[in-house]
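What follows is the residue order along each chain.
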Amino acid sequence: MRASYWLPPVVWLAIILWLASDSGSSQHTGSMVLPILRFLFPAASQLQIETMHGSIRKLAHLSEYGLLAGLWLRA
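The model shown is predicted, which means the values in this text are computed figures rather than measured ones.

Draft legend 1. Quick look at the overall build of the protein chain. From N to C terminus, the protein chain includes three helices and zero strands. Ordered by position in the sequence, the α and β elements of the protein chain form the string α-α-α. The globule rule puts the C-alpha radius of gyration for 75 residues at 11 Å, and the 16 Å found for the protein chain is more than 25% above it. The dimensions of the protein chain, computed from C-alpha atoms along their principal axes, are 55 × 20 × 15 Å. Each of the 75 residues in the protein chain was classed as buried or not, and the buried ones make up 17%. Considering only contacts within the protein chain whose residues lie at least 6 apart along the sequence, 64% involve residues at least 24 apart.

Now the structure itself:
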């Protein structure tokens, strides 16, 4: 077993832990995502925008843990 196999999942896990802190909170991601959603969907209500933001965050969780699982399988 070489360290080069284990390094990518460990680094990705560290990134996930960093994003799980306050820096990845919905208030911080909202400052980037909400203006884009408002631009793309100008007729959407505030509730619809917030729902889309929540859905994007949930899909991001699914993607980041799916990638982590793939990296662990490869290691």
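Draft legend 2. Highlighting helix α3 (residues 46-74). Given a rise of 1.5 Å per residue, 29 residues ought to cover 42 Å, and the 42 Å separating the end C-alpha atoms of α3 matches this to within 8%. All buried positions along α3 are accounted for by I49, H53, E64, L68 and L71.

Draft legend 3. Just the confidence of the model for the protein chain, in detail. Per-chain confidence: the protein chain averages 91 in pLDDT, with 99% of residues scoring 70 or above. Ranking the elements of the protein chain by mean pLDDT puts helix α2 (residues 26-40) last, at 88, and α3 first, at 95.

Draft legend 4. Local environment of the environment of G24. For G24, the position within the fold is in the loop between α1 (3-19) and α2. On the basis of relative accessibility, which here comes to 14%, the residue G24 falls in the buried class. Along the chain, G24 and R57 lie 33 residues apart, while their C-alpha atoms are 9.8 Å from each other. For G24, the residues in contact, after removing those within four places along its chain, are L19, T29 and R57.

Draft legend 5. How the structure looks around the packing of aromatic side chains. Within this structure, the stated rule accounts for one aromatic pair. With a centroid separation of 5.6 Å and 50 degrees between ring planes, the pair formed by W6 and W72 is classed as tilted. Placement of the pair is W6 in helix α1 and W72 in helix α3, with a sequence separation of 66 residues.

About the criteria used
- Every chain is numbered independently, its residues counted from 1 as its sequence is written.
- Given that this is a predicted model, residues contribute local features only at a pLDDT of at least 70 and side-chain atom pairs are listed and counted only at 80 or more, while totals for whole chains, interfaces and linings are drawn from all residues.
- The side-chain figures draw on all heavy atoms in the structure; neither hydrogens nor water molecules are used.
- Helix numbers and strand numbers start at the N terminus; a helix is a DSSP run of H or I with at least 4 residues, a strand a run of E with at least 2.
- To get the radius of gyration, use the C-alpha atoms; to get the globule rule, take the number of residues to the power 0.38 and multiply by 2.2 Å.
- Each residue is assigned to one of three classes by its accessible area relative to the maximum for its type, calculated with a 1.4 Å probe on protein chains only: buried under 20%, partly exposed between the two thresholds, exposed over 50%.
- It only takes one pair of heavy atoms within 4.5 Å for two residues to be counted as in contact.
- Here, expected helix span is obtained from the residue count minus one, scaled by 1.5 Å.
- What pLDDT conveys is the predictor's confidence in a given residue, as a value from 0 to 100.
- Any two of the Phe, Tyr and Trp rings considered here, Trp counted by its six-membered ring, make a pair once their centres fall within 6.5 Å; the pair's planes then place it as stacked at under 30 degrees, edge-to-face at over 60, or tilted in between.

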